[in-house]
Amino acid sequence: MEEQPLSDSEIHAHSAPIRRVTTNQLGKMKRKGQPIAALTAYDALIARIFDDAGIDVILVGDSLGNVVQGHETTIPVTLDDIIYHTRAVNRGVRRALVVADMPFMSYQVSPEEAFRNAGRLMKEAGAGAVKIEGGKRVADAVGRMTEAGIPVMGHLGLTPQSIYQFGTYRVRGKETNEAENILADAKLLEEAGAFAIVLEKIPAELAARVTASVEIPTIGIGAGARCDGQILVYADMLGLSVDFRPRFVRLYDSLYGRVTDAAKRYADDVRLRNFPNDDESY
Ligand code: KIV
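Basis of the calculations
- Residues numbered from 1 in each chain as written.
- Predicted model: local features only at pLDDT ≥ 70, side-chain atom pairs only at ≥ 80, totals over all residues.
- Heavy atoms only, no water.
- Core = buried A, V, L, I, M, F, W, Y, C linked by side-chain atoms within 4.5 Å.
- Buried < 20%, exposed > 50% of the residue type's maximum accessible area, 1.4 Å probe, protein only.
- Helix = DSSP H or I, 4+ residues; strand = E, 2+ residues; numbered from the N terminus.
- Contact = heavy atoms within 4.5 Å.
- Near = heavy atom within 4 Å.
- Polar contact = N/O pair within 3.5 Å; in protein donor to acceptor, adjacent residues only side chain to side chain.
- Areas by Shrake-Rupley, 256 points an atom, 1.4 Å probe, with all protein chains shown as cover.
- Nonpolar A, V, L, I, M, F, W, Y, C, P; charged D, E, K, R; others polar.
- Pairing = 2+ DSSP bridges.
- Axes fitted to C-alpha atoms, helices over the stretch in contact; angles between N-to-C directions.
- Domains from an automatic or database assignment.
- Patch = residues over 30% accessible without salt bridge, like charges linked within 9 Å, V, L, I, M, F, W, Y side chains within 5 Å.
- Salt bridge = Lys/Arg side-chain N within 4 Å of Asp/Glu carboxyl O.
- Lys, Arg positive; Asp, Glu negative; His and termini not counted.
- Charge placed at Lys NZ, Arg CZ, Asp CG, Glu CD.

Caption draft 1: Structural view of the nonpolar core. Ranked by internal contacts, the top residues of the largest apolar core, which has 76 residues, are Phe50, Ile58, Leu121, Met145 and Leu199. With six residues, the top contributor of residues to this core is helix α9 (residues 176–192). Ignoring any residue separated from it by four or fewer positions in sequence, one finds Leu199 in contact with Leu156, Ala207, Val210, Thr211, Thr218, Ile219, Gly220, Ile221, Ala223 and Cys227.

Caption draft 2: Layout of the site of the ligand. The ligand sits among Thr40, Leu59, Gly61, Asp62, Ser63, Asp101, Lys131, His155, Val198, Ile221 and Val233. In this structure, an oxygen atom belonging to the ligand sits 2.5 Å away from a side-chain N or O atom of Ser63. The protein chains hide 96% of the 260 Å² of surface that the ligand would expose on its own. Grouping the constituent residues of the shell around the ligand by class yields four nonpolar, four polar and three charged.

Caption draft 3: Up close: the sheet that holds strand β1 (residues 36–40). With parallel pairing, eight strands are arranged side by side around a closed barrel as β1-β2-β3-β4-β5-β6-β7-β8. Mean inter-strand twist for the sheet, computed between neighbouring axes without regard to direction, equals 25°. Relative to strand β7 (residues 218–221), strand β6 (residues 196–200) runs parallel, the two sharing four bridges. Bridging across to β7, Leu199 finds its partner in Gly220. Those strands touched by α9 are β5 (152–157) and β6, and its axis lies near 175° from that of β5.

Caption draft 4: Layout of the side chain of Asp101. Inspection of the secondary structure puts Asp101 in strand β3 (residues 97–101). With relative accessibility at 1%, the residue Asp101 sits in the buried group. Here Asp62 takes part through its backbone nitrogen, which lies 2.8 Å from a polar atom of the side chain of Asp101. Once you skip the residues sitting within four places of it in the chain, Asp101 turns out to touch Leu59, Val60, Gly61, Asp62, Ile82, Leu121 and Lys131.

Caption draft 5: Quick peek at the pairing of β5. Across the six residues of β5, six count as buried, placing the element largely inside the fold. Where strand β4 (residues 129–131) lies against β5, two bridges are found, and the strand directions are parallel. Following the sheet pairing, Val130 is matched in β5 by Val152. Where β5 lies against β6, five bridges are found, and the strand directions are parallel. Note that in β6 the partner of Gly157 across the bridge is Glu200.

Caption draft 6: Layout of the environment of Asp43. Looking at where Asp43 falls in the secondary structure, it is placed in the loop between β1 and α3 (44–52). For Asp43, a relative accessible area of 29% translates into the label partly exposed. Taking the C-alpha atoms as reference points, Asp43 and Asp81, 38 residues apart in sequence, are found 12 Å from one another. Beyond its immediate stretch of four places on either side in the chain, Asp43 contacts Ala88 and Val89. Here Leu45 takes part through its backbone nitrogen, which lies 3.2 Å from a polar atom of the side chain of Asp43.

Caption draft 7: Summary view of the domain arrangement of the protein. Domains assigned within the protein are domain 1 (18–251) and domain 2 (255–282). Taking only C-alpha atoms, the centre of domain 1 and the centre of domain 2 are 39 Å apart.

Caption draft 8: Structural detail: a negative patch on the surface. A surface patch of like charges, here negative, comprises Asp268, Asp269, Asp278, Asp279 and Glu280. Of note, Asp279 is situated in the segment after α12 (255–271).

Have a look at this one:
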């Protein structure tokens, strides 16, 4: 079949710059019932793949402490670490909203310090928004940032930066008291100006109640199907991490095995002098 020339509007569509996903768009997606797909990424290579795949939100999570740096917790991650990785992710992304996680002690001291550090993530790293853990205790910081034009994503339920306070990574919000606190915190975050809330490892029923009680989108991780969107740590859903298999992670691939196999075949070829061959040499 003969190829038809592109119309003016098609040419325009092809040459038009791709627009970044905005926090407003995410709000619209909630109102229209369109689920938001989010993943973490920590470098340009992976961020580019996820962006090309149409992921809406890429979070430069402080989970990089576990995934990239090999720490047991997220506590050692610094603001400079997040700035470094957010810069890299930003270089790989054209469309997705890039959210930079605020690490432990970068927002707890005072709303003013939170504001200054969030400003660095926007200005120096190019983040489109920041994320902080907690409800009531961070509401003033959220207010300070949002009134100055910094979009803030909240994070309730299991908040890994508080691991030494809780002592375990168990499901949160199972008891009535804790569930009511999570509901109240979600409201406070919304009132303080947050544009979305991550709900981590809470009962699906509670996540559905939170989702129905706020107008901003909820993004679940281990929080059931009735959130407005879902997020996973990419190394978990690709099967790259071997020691971490919580029930809420669906394996979309088993890259640990596939990459190990590729590395072994490469090592065998090198040792048997099968690599490189003449075509791979100059
Ligand atoms: O740091 C992170 O990756 C996160 C997600 C699990 C939401 O906070």
